[in-house]
Amino acid sequence: MLTKTKIYLSSPHMGGSEQKFVNEAFDTNWIAPLGPNVIGFEQDLERFLGEGAHVAALSSGTASIHLALELCGVSRGDEVLCQSFTFSASANPITYLGAKPIFIDSEKDTWNICPELLELAIKDRIENHKKPKAIIAVHLYGMPYKVKEINALSAKYNIPVIEDSAEALGSTYFGKACGTLSKYGVLSFNGNKIITTSGGGALIAHNENDKDRAVFLATQARDKAAHYQHTNIGYNYRLSNVLAGIGRGQMEVLGKRVEARRFNYEFYKAALSDISSIRFLDEPNGMFSNRWITCILTESFEQREQIRLLLQQDEIESRPLWKPMHMQPVFKDNTSYTNDVSADLFEKGLCLPSGSNLTENQLQRIVDLIRKTSNL
Ligand SMILES: *Cc1c(COP(=O)(O)O)cnc(C)c1O
């Protein structure tokens, strides 16, 4: 029997020169969380992100959010406002510091944090509780959030924004790279992201002092002394020099990876545009998405499940959109400011296979199946 190859949602895609950098690490015995690949990878990212970006390569996106929160001075008993429609890793580090996430729902244009709800929440927290220490906004699925509006609130109430750009390397907002648009940006190089080091992340700062502070905290907070001397609690969060070698190879093909993911989106959209019960998220003016994942919005939970299960039978992986944090059992006691937008997206939305290594034949196979489910 002929078995079809499994199609994954978003699988790693090596460019070719990753192994050369990894071999260099072996040949020179830089098998450590520091070395030429770590420095080289940081420089590649700084060049890509543009002027003024100071990058610290770290062990994960989650670690990067943790350190960004720490750099914002978040500590026990504090509150942090966080986009509800996201992956749990955006919010978990808030709890590592003994602080409490307060969740904010989304708006419909970008599916990201709603500026109106955010302002309502800020006012309510300040008047009736305590002033939040930071805001975590997310460029979900690569689509930029409403940066101008969120930054205006950040300035008005003097609360720093941490920009979770884990899914948005290669996305831009009015020509500026996502990750560089707020006080601290965060990237992830996990295996499913647009480029990968198998596991890794980065913190983006805007001056060398903040970057140095992040690296200091990421390397066990060792004071300058011959012996081991500590006046701060540190972490073991630096990126391995071996993995940074993979990152240097991946940076050579990042542009191509963005093109391929955007091609997937355009392919799906063109092939399904005549089905009125399936909708896509267009880019608002000034926003450029890396289209990390192509998402569709159906008209009902039943329609969404029909498509998902049919694809599954054919060894094709798809997945409902992120379940909002305010609906997660682990955060059931947390305060949230909601408007039903993210709950609706969770009910009716589906992530389609979006890897940069998908072939046109595979895309066509997926589209043909989806068309079968629609009663045109
Ligand atoms: C992947 C991801 C993270 C976490 O990154 P890791 O490198 O997996 O720790 C954080 N936020 C979002 C939105 C993500 O998609």
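Rules and cut-offs
Residues numbered from 1 in each chain as written. Predicted model: local features only at pLDDT ≥ 70, side-chain atom pairs only at ≥ 80, totals over all residues. Heavy atoms only, no water. Buried < 20%, exposed > 50% of the residue type's maximum accessible area, 1.4 Å probe, protein only. Helix = DSSP H or I, 4+ residues; strand = E, 2+ residues; numbered from the N terminus. Polar contact = N/O pair within 3.5 Å; in protein donor to acceptor, adjacent residues only side chain to side chain. Pairing = 2+ DSSP bridges. Contact = heavy atoms within 4.5 Å. Axes fitted to C-alpha atoms, helices over the stretch in contact; angles between N-to-C directions. Core = buried A, V, L, I, M, F, W, Y, C linked by side-chain atoms within 4.5 Å. Domains from an automatic or database assignment. Near = heavy atom within 4 Å. Areas by Shrake-Rupley, 256 points an atom, 1.4 Å probe, with all protein chains shown as cover. Nonpolar A, V, L, I, M, F, W, Y, C, P; charged D, E, K, R; others polar. Phe/Tyr/Trp six-rings, centres within 6.5 Å; stacked < 30°, edge-to-face > 60°. Lys NZ or Arg CZ within 6 Å of the ring centre and 35° of its normal. 1 Å grid on protein atoms, 1.4 Å probe; cavity = no way out; pocket = protein on both sides within 12 Å on 5 of 7 lines; lining within 4 Å. Points joined across faces, edges and corners; volume = space filled by probe spheres on them. Left-handed = near helix turned anticlockwise from the far one by under 90°.

## Focus: helix α7 (residues 208–218)
So, step 1. Along α7, the residues classified as buried are D210, K211, A214, V215, F216, L217 and A218.
So, step 2. At the N-terminal end of α7, a side-chain oxygen is found 3.2 Å from the backbone nitrogen of N209, two or three residues along, and the residue is N207.
So, step 3. Looking one or two residues beyond α7, the residue adopting positive phi is Q220, at roughly 70 degrees.

## Quick word on the sheet that holds strand β4 (residues 134–138)
So, step 1. One open sheet holds the eight strands; their spatial order is β1-β9-β8-β5-β4-β2-β3-β13, and the pairing between them is mixed. Both outer strands of the open sheet, β1 (54–58) and β13 (336–337), are each paired with one neighbouring strand and no more.
So, step 2. Contacting β1, β8 (184–188) and β9 (201–205), helix α2 (residues 36–49) runs over the sheet at an angle of about 135 degrees to β1.

## Considerations on the nonpolar core
So, step 1. Membership of the largest hydrophobic core comes to 36 residues, with the highest contact counts inside it found for F41, L45, W111, Y141, L169, F189 and L321.
So, step 2. Ranked by residue count, the leading element in this core is α2, at four residues.
So, step 3. Both domain 1 (18–251) and domain 2 (254–374) contribute no fewer than three residues apiece to this core.
So, step 4. Core analysis: the next-biggest nonpolar cluster, separate from the first, contains 34 residues, V80, F103, A134 and V186 among them.

## So, the site of the ligand
So, step 1. The environment of the ligand is formed by 15 residues, the closest being T62, D164, E167, S188 and K193.
So, step 2. With respect to the ligand, the backbone of G61 contributes an N or O atom lying 2.8 Å from an oxygen atom.
So, step 3. Here K193 contributes a side-chain N or O atom positioned 3.4 Å from an oxygen atom of the ligand.
So, step 4. Protein chains shield 94% of the accessible area of the ligand, which is 380 Å² for the free molecule.
So, step 5. By residue class, the composition of the shell around the ligand is four nonpolar, eight polar and three charged.

## Some details on the sheet that holds strand β7 (residues 176–177)
So, step 1. Taken together, three strands build an open sheet; the order of strands is β7-β6-β10 and the sheet is antiparallel. Each edge of the sheet is formed by a strand with only one pairing partner; in this case those strands are β7 and β10 (287–288).
So, step 2. With two bridges connecting them, strand β6 (residues 172–173) and β10 associate as antiparallel partners. For T172, the partnering residue across the bridge sits in β10 and is F288.

## Remarks on the side chain of S90
So, step 1. Counting through the fold element by element, S90 comes out in the loop between β2 (79–83) and α4 (92–96).
So, step 2. The exposure class assigned to S90 is buried, which follows from its relative accessible area of 1%.
So, step 3. Non-local contacts of S90, meaning those with residues more than four positions away in its chain, are made with I65, C82, I136, V138 and D164.

## A look at the packing of aromatic side chains
So, step 1. In the structure shown here, the tally under the stated rule is ten aromatic pairs.
So, step 2. Ring pairs connect the aromatic residues F85, F87, Y141, W292 and W322, which therefore count as one cluster.
So, step 3. Positioned over the ring face of Y228 is R222, at 3.7 Å from the centre of the ring.
So, step 4. For the cation-ring pair, R291 lies above Y265, with the distance from its terminal atom to the ring centre recorded as 3.4 Å.

## What about empty space enclosed by the protein?
Gaps left between atoms show up when a probe the size of a water molecule is rolled over them.
So, step 1. Taken as a whole and judged by the stated rule, the model has one cavity of 30 Å³ or more.
So, step 2. Reported here for the largest cavity is a volume of approximately 70 Å³.
So, step 3. In this structure, the largest cavity is lined by W111, L140, Y141, M143, L281, S289, R291, I293, T294 and C295.
So, step 4. Within the lining of the largest cavity, the residues separate by chemical class into seven nonpolar, two polar and one charged.
So, step 5. Three or more residues apiece are contributed to the lining of the largest cavity by two domains, here domain 1 (18–251) and domain 2 (254–374).

## Points about the packing of α2 against helix α8 (residues 241–251)
So, step 1. As a packed pair, α2 and α8 sit with axes 8 Å apart at the nearest point and diverge in direction by 35 degrees. You can see that α2 and α8 cross each other, and the crossing is left-handed. In this structure, α2 uses P36, N37, V38, G40, F41, D44, L45 and F48 to contact α8, whose residues at the interface are N241, A244, G245, G247, R248 and M251.
So, step 2. Looking at the contact of α2 with α8, its residues break down into seven nonpolar, five polar and two charged.

## Description of the environment of R371
So, step 1. Note that R371 resides in helix α12 (residues 360–373).
So, step 2. On the accessibility criterion, R371 (25% relative accessible area) is partly exposed.
So, step 3. C-alpha of R371 to C-alpha of L272: the two residues are 99 residues apart in sequence and 7.5 Å apart in space.
So, step 4. At a separation of 2.8 Å, a polar atom in the side chain of R371 contacts the main-chain carbonyl oxygen of A271.
So, step 5. Here the side chain of R371 touches D274 through a polar contact of 2.9 Å, side chain to side chain.

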